[in-house]
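Summary of structural features
Here's the letter readout for the chains.
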Amino acid sequence: KSIRYGKMEVVDGQLVSVTELERMRRSEKRGEARGKRLGALHAKREDLLRILGIRFDAVPEPVVKQIKLIRSLNRLDALLEKAIMAKSISELELD
């Protein structure tokens, strides 16, 4: 909870400028968005590796490493779809 005094605001017992407070809130929102994106990337990578493990028993370590380097949610979505229909891991065209 905060209390406003003109262009200053008391937050957690500290006097902070409204401008700085707005900057902090924007930064916090960016951090939350980044955290959500990183969480989604991690979950999709794990889903893909799980599907590959179920479909093809063992997933070669180079493939695991390549998948863990993917930073695109769209790319991971496409790979998830391919993994469901692929006859082999090489059909994913990770190289």
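Residues numbered from 1 in each chain as written. Predicted model: local features only at pLDDT ≥ 70, side-chain atom pairs only at ≥ 80, totals over all residues. Heavy atoms only, no water.

What follows deals with the environment of A78. Secondary-structure assignment places A78 in helix 3 (residues 73-85). Under the relative-accessibility criterion, A78 is labelled partly exposed at 36%. A sequence separation of 14 residues divides A78 from L92, and the C-alpha atoms of the two residues are 9.2 Å apart. (Helix = DSSP H or I, 4+ residues; strand = E, 2+ residues; numbered from the N terminus. Buried < 20%, exposed > 50% of the residue type's maximum accessible area, 1.4 Å probe, protein only.)

Inspection of the secondary structure assignment puts R45 in helix 1 (residues 18-56). E46 is the oppositely charged side chain nearest to the buried, salt-bridge-free R45, at an N-O distance of 7.3 Å. The contact partners of R45, leaving out residues within four places of it in the chain, are I67, K68, I70, R71 and L76. (Lys, Arg positive; Asp, Glu negative; His and termini not counted. Salt bridge = Lys/Arg side-chain N within 4 Å of Asp/Glu carboxyl O. Contact = heavy atoms within 4.5 Å.)

So, on to helix 2 (residues 61-69). All of the buried residues in helix 2 are V63, V64 and I67. The buried residues of helix 2 all sit within an arc of 100° when viewed along its axis, so they share a single face. Exposed residues pointing more than 90 degrees away from the buried face of helix 2 are listed as P62, K65 and L69. In this fold, the buried residues of helix 2 make contact with helix 1. (Arc of directions from axis to C-beta.)

Attention now goes to the confidence of the model for the protein chain. Considering every residue of the protein chain, the mean pLDDT works out to 88; 95% of them sit at 70 or more. The least confident element of the protein chain, judged by mean pLDDT, is strand 1 (residues 2-5) at 64; the most confident is helix 2 at 96. (pLDDT = per-residue confidence, 0-100.)

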